[in-house]
Amino acid sequence: MINLLYFAWVRERVGIAAEEIAMPSDVATVGDLVAWQRQRGEGYAEAFADDDVVRTAVNQEHVDLGHPVKNGDEVAFFPPVTGG
Amino acid sequence: MIRVQEEDFDVGQEIKNMSAGNHAIGGLCSFVGLVREMAGSADIGAMTLEHYPGMTEKALEKIEAEANERWQLESSLIIHRYGKMEPGDQIVLVAAASPHREASFEACHFLIDFLKTKAPFWKLEDTSEGPKWVDARSSDDAAAARWVQT
């Protein structure tokens, strides 16, 4: 299983804040997971439309699309940050 | 020290706490970020700051640790609020104290520039046209990039 978390407008588009899913069989990297998310439905497709916009953290560290994803990971998707 | 909290903070008290009892400190530089009222057609009222509990603390600790590696600091502080805030409210306080002013100025500037591009916070503004997520600014990326060591 992997834990997926969504923040800000990514959460609004997907429609939920968190979910636990079975690790998809053909997913090895963050990029694979993003492609898999995109085909799950309209909200997901809209949230993940642009690879250049949505940011990802694996186990609470910023990562890029090539980063590996494995069973037990916490993977968060969010827009570019706007704190401070 | 880092703190992520919903409640407001007292800048004067925080600065006093940082330097209390440490006579090696010769300079302390601080920066306070406030909720700004935007000019234009979509004036903002309140603003809500969302964050990623757990990762936020880790990210701030990492930024603070990096500042302490790069500058000789006697004390450093990051306080960032989340939740609902009004124009004029304090959002963030960063401060750095060192024996000499140069390190405290530079470290303080580094702390806020890095925080703006690394810490997982998102601003949702209540505008006259409805709630609107604030877009990230490329100028913030450029500001953080100045501090990247090659």
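Draft legend 1. Spatial organisation of the sheet that holds strand E4 (residues 61-63) of chain A. Residue and element names in this part refer to chain A. Taken together, the five strands give an open sheet; going across it, the order is E2-E1-E5-E3-E4, and neighbouring strands pair in mixed fashion. Every other strand in the sheet has two partners, leaving strand E2 (18-21) and E4 as the edge strands with one partner each. Taking the axes of each pair of neighbouring strands and ignoring which way they run, one obtains an average angle of 30° across the sheet. Direction of pairing for strand E1 (residues 2-6) relative to E2: antiparallel, over a ladder of four bridges. Among the inter-strand pairings, Asn3 is bridged to a residue of E2, identified as Glu20.

Draft legend 2. Quick peek at the sheet that holds strand E4 (residues 75-81) of chain B. Residue and element names in this part refer to chain B. In space, the four strands of this open sheet follow the order E1-E4-E6-E2, with mixed pairing throughout. Each end of this open sheet is capped by a strand with a single partner; those strands are strand E1 (2-5) and strand E2 (27-34). The sheet shows a mean angle of 10° between the axes of neighbouring strands, taken without regard to direction. This element, helix H3 (residues 101-118), spans E2, E4 and strand E6 (90-98) of the sheet and lies at about 150° to E6.

Draft legend 3. Inspection of the packing of H3 of chain B against helix H4 (residues 138-145) of chain B at higher detail. All names here are of chain B. For the pair H3 and H4, interaxial distance at closest approach is 8 Å and the crossing angle is 130°. With respect to H4, the element H3 is oriented oblique. Considering how the two elements wind past one another, H3 and H4 form a crossing that is left-handed. Contacts between H3 and H4 pair Asp113, Phe114, Lys116 and Thr117 from the former with Asp140, Asp141, Ala143 and Ala144 from the latter. In terms of residue class, the contact of H3 with H4 is made up of three nonpolar, one polar and four charged.

Draft legend 4. Spatial organisation of the nonpolar core. Membership of the largest hydrophobic core comes to 53 residues, with the highest contact counts inside it found for Phe7, Val10 and Ala76 of chain A together with Val94, Leu111 and Leu115 of chain B. Element by element, the count of residues in this core is highest for H3 of chain B, at eight residues. Setting aside anything within four residues of it in sequence, one finds Val94 of chain B in contact with Ser30, Phe31, Leu77, Ile78, Cys108, Leu111, Ile112 and Leu115 of chain B.

Calculation notes
Residues numbered from 1 in each chain as written. Chains lettered and ligands numbered in written order. Predicted model: local features only at pLDDT ≥ 70, side-chain atom pairs only at ≥ 80, totals over all residues. Pairing = 2+ DSSP bridges. Helix = DSSP H or I, 4+ residues; strand = E, 2+ residues; numbered from the N terminus. Axes fitted to C-alpha atoms, helices over the stretch in contact; angles between N-to-C directions. Contact = placed C-beta atoms within 7 Å. Parallel < 35°, antiparallel > 145°, perpendicular 65-115°, else oblique. Left-handed = near helix turned anticlockwise from the far one by under 90°. Nonpolar A, V, L, I, M, F, W, Y, C, P; charged D, E, K, R; others polar. Core = buried A, V, L, I, M, F, W, Y, C linked by C-beta atoms within 7 Å. Buried ≥ 20, exposed ≤ 12 C-beta atoms within 10 Å, placed from the backbone.

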